[in-house]
Amino acid sequence: MLDIRIIRQDPDRISLALRNRNSDFDISAVLRLDEDVRKRKAEVESLRAQRNEIAARIAKAKREGTDVAHDVSLGANVARELSAVEADLVAEEERLAGLLALIPNIPHLSVPVGKDDSANQEIKRWGEVRQFSFEPLPHWEIGARLGILDMDRASRMSGSRFALLKGLGARLERALVNFMLDLHVKEQGYTEIFPPLMVNDKSMFGTGQLPKFKEDMFKIEGQEMYLIPTAEVPVTNIHREEVLSGDVLPVKYVAYTPCFRAEAGSAGKDTRGLIRNHQFNKVELVCLSLPETSYDALEGLTSDAEAVLERLGIPYRRVALSTGDLGFSSAKTFDLEAWLPSYNAYREISSCSNFEDFQARRAGIRFKRDVKAKPEFAHTLNGSGVAVGRTWATMVENYQNADGTVTVPDALVPYMDGVTVIGK
């Protein structure tokens, strides 16, 4: 959520930033309502002052034994008017908060300006794209032939966009999770979290999923509870409505969780395999940072996610998203895109973002630089470290062999009990 003072002080800059994001949000409505709220607050303060003045006169008159009837009647009228104006103020403040909740974050000045992903900027590439001596197969065909991935049975039990992993396919998924967690915890200094998989609406609001993206979520019927779309939601909310000591920042968390997304609006996109499912596994990195070091933290978090792909020997590229391709809450995002032979292209496997104080303002995550200092909003960051299902698919395709087997990368062999090749 944006600070209303920033909108008030520099509306032209905010309007330009929103246009660069392809947002048609009209901040003039916010400014008008903000002005009404401030006028209403002044009216409330004036009426409260009158009420207090009348009360003081009544008290004095009673001590002196003089008539108080006029002031009592006047006080009653002021009290009724104050009650009505306070109710109007509450309603206007709620409307203003509702409007502010719909405004996306403002892109950092370093974000490339563009209308969509065509304006994204490639920052670097790592690894050599494999040139196959045979016609490579997509991961869903490899998995079916090896008996380690069964999309048909998953569809019968749950519908489309679900997967069933079997035998060494399931073992490979578990190996990837454990490998990622060990790397992030033991070598990169993250604290491991296993959070709830259902969260309340306040948690979803805090990270920006609600109210704008409600249709993308799986809601628990009859309750204000949702299945998490990513571990970002519960992990970021660990410190919701808390004031941290500044000397504990940065805080670095990592969490493995299943994730659940309705994928509204994705009809016809990535309908086969593991690229876009309703349920998938992910290892998520979350960081709470001091404002002045959050972009250094973004670089560090992104590098930590890249290390997963480099250890696995998967070619990838880092891309800076343009203003028109940024997520709702993000101020700056780097996507990591892994090479997927079945697409003959790089596909997103991790998205690493700095939200600055956008989420912290919504969730009330603050810190104090010392005991006497005024609380400030922390900066929050997160990134996939990385999406497990997409890594499974990418690894299987990149490490497939002409005889239909799949070689296990060296980094995963210890997590596969020494298995070096997946065959029939």
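Definitions and cut-offs
Residues numbered from 1 in each chain as written. Predicted model: local features only at pLDDT ≥ 70, side-chain atom pairs only at ≥ 80, totals over all residues. Heavy atoms only, no water. Helix = DSSP H or I, 4+ residues; strand = E, 2+ residues; numbered from the N terminus. Areas by Shrake-Rupley, 256 points an atom, 1.4 Å probe, with all protein chains shown as cover. Pairing = 2+ DSSP bridges. Axes fitted to C-alpha atoms, helices over the stretch in contact; angles between N-to-C directions. Contact = heavy atoms within 4.5 Å. Buried < 20%, exposed > 50% of the residue type's maximum accessible area, 1.4 Å probe, protein only. Arc of directions from axis to C-beta. Salt bridge = Lys/Arg side-chain N within 4 Å of Asp/Glu carboxyl O. Core = buried A, V, L, I, M, F, W, Y, C linked by side-chain atoms within 4.5 Å. Polar contact = N/O pair within 3.5 Å; in protein donor to acceptor, adjacent residues only side chain to side chain. Phe/Tyr/Trp six-rings, centres within 6.5 Å; stacked < 30°, edge-to-face > 60°. Lys NZ or Arg CZ within 6 Å of the ring centre and 35° of its normal.

1. A closer look at the overall build of the protein
Then step 1. Helix and strand counts for the protein stand at 12 helices and 16 strands.
Then step 2. Its C-alpha atoms give the protein principal-axis dimensions of about 105 × 45 × 40 Å.
Then step 3. Entry remark: accessible area of the protein is about 20,200 Å², with carbon and sulfur atoms responsible for 49%.

2. Quick word on the sheet that holds strand S8 (residues 279-289)
Paired through backbone hydrogen bonds, the strands of a sheet run either parallel or antiparallel to each other.
Then step 1. The strand order S1-S9-S10-S11-S14-S8-S7-S2 describes an open sheet built from 8 strands, whose pairing is mixed. Taken across any chain shown, the strands that pair with only one partner, and hence form the sheet edges, are strand S1 (121-126) and strand S2 (191-193). Mean inter-strand twist for the sheet, computed between neighbouring axes without regard to direction, equals 25°.
Then step 2. Strand direction decides the pairing type here: strand S11 (residues 345-354) and strand S14 (residues 379-387), joined by 3 bridges, are antiparallel. Bridge pairing links Cys352 to Gly383 in S14.
Then step 3. The strands touched by helix H7 (residues 168-187) are S2, strand S7 (251-260), S8 and S14; relative to S8, the strand with the most contacts, the crossing angle is about 10°.

3. What to know about helix H5 (residues 139-146)
Then step 1. Buried within H5 we find His139, Trp140, Ile142, Gly143 and Leu146. End-on, the buried residues of H5 take up no more than an arc of 160°, which puts them together on one face.
Then step 2. Tucked inside the fold, the buried residues of H5 contact helix H12 (388-398), strand S15 (406-407) and strand S16 (421-422).
Then step 3. Following H5 by one or two positions, Gly147 has its phi on the positive side, about 75°.

4. What to know about the pattern of salt bridges
Then step 1. One pass over the full model with this rule turns up 29 salt bridges.
Then step 2. The salt bridge involving Arg5 is made with Asp3; its shortest N-O contact spans 2.8 Å.
Then step 3. What makes Asp3 buried here is its relative accessible area of 11%.
Then step 4. With a closest N to O distance of 3.7 Å, Glu43 and Arg40 form a salt bridge. With a gap of 3 residues between them, Glu43 and Arg40 both fall in helix H3 (residues 27-64), about one helical turn apart.
Then step 5. Taken together, the salt bridges that share partners define one network made up of Asp3, Arg5, Asp357 and Arg361.

5. With respect to the nonpolar core
Then step 1. Counting 50 residues, the largest nonpolar core has Leu172, Leu176, Met180, Trp392, Leu412 and Ile422 as its most contacted members.
Then step 2. Not counting residues within four places of it along the chain, the set of residues in contact with Ile422 comprises Leu146, Ile148, Leu168, Leu172, Thr405, Val406, Val408 and Met416.
Then step 3. Judged by nonpolar contacts, the second largest core, of 29 residues, contains Ile4, Val44, Leu96 and Phe328.

6. Topic: the side chain of Thr207
Then step 1. Within the secondary structure, Thr207 is located in the loop between helix H8 (201-206) and strand S4 (218-219).
Then step 2. A polar side-chain atom of Thr207 sits 2.4 Å from a polar atom in the side chain of Gln209.
Then step 3. Not counting residues up to four positions away in its chain, the partners in contact with Thr207 are Glu232, Val233, Thr236, Asn237, Ser329 and Gln359.

7. Some points on the environment of Met217
Then step 1. With respect to the element layout, Met217 can be found in the loop between H8 and S4.
Then step 2. In this structure Met217 comes out as buried when scored by relative accessible area, which is 11%.
Then step 3. Considering only alpha carbons, one finds Met217 and Tyr346, 129 residues apart in sequence, at a separation of 27 Å.
Then step 4. Those residues in contact with Met217, other than ones at most four positions away along the chain, are Met204, Gln209, Tyr226, Pro229 and Ala262.

8. Structural notes on the packing of aromatic side chains
Then step 1. Counted under the stated rule, the structure contains 7 aromatic pairs.
Then step 2. For the ring pair Trp126 and Tyr316, a centre distance of 5.8 Å and an interplane angle of 20° mean the geometry is stacked. Highlighted residues: Trp126 in strand S1 and Tyr316 in strand S9 (residues 316-320), separated in sequence by 190 residues.
Then step 3. For Tyr316, a relative accessible area of 0% corresponds to the buried category.
Then step 4. Between Trp339 and Tyr346, the aromatic rings sit 5.1 Å apart at their centres with planes inclined by 75°, giving edge-to-face as the arrangement. With respect to burial, Trp339 and Tyr346 carry one shared label: buried.
Then step 5. Members of the aromatic cluster, connected to one another through ring pairs, are Phe213, Phe328 and Phe358.
Then step 6. Note that Lys219 overlies the ring of Tyr226, its terminal NZ or CZ placed 5.9 Å from the centroid.
Then step 7. Across the ring face of Tyr343, the terminal group of Arg347 is positioned such that the distance to the ring centre comes to 4.6 Å.

9. Details of unusual backbone geometry
Then step 1. Between Leu210 and the following residue, Pro211, the backbone shows a cis peptide bond with an omega angle of 5°.
Then step 2. Gly385 connects to Val386 through a cis peptide bond whose omega is 10°.
Then step 3. Residue placement: Val386 occurs in strand S14.
Then step 4. For Asn22, which is not glycine, the phi torsion reads 65° and is therefore positive.

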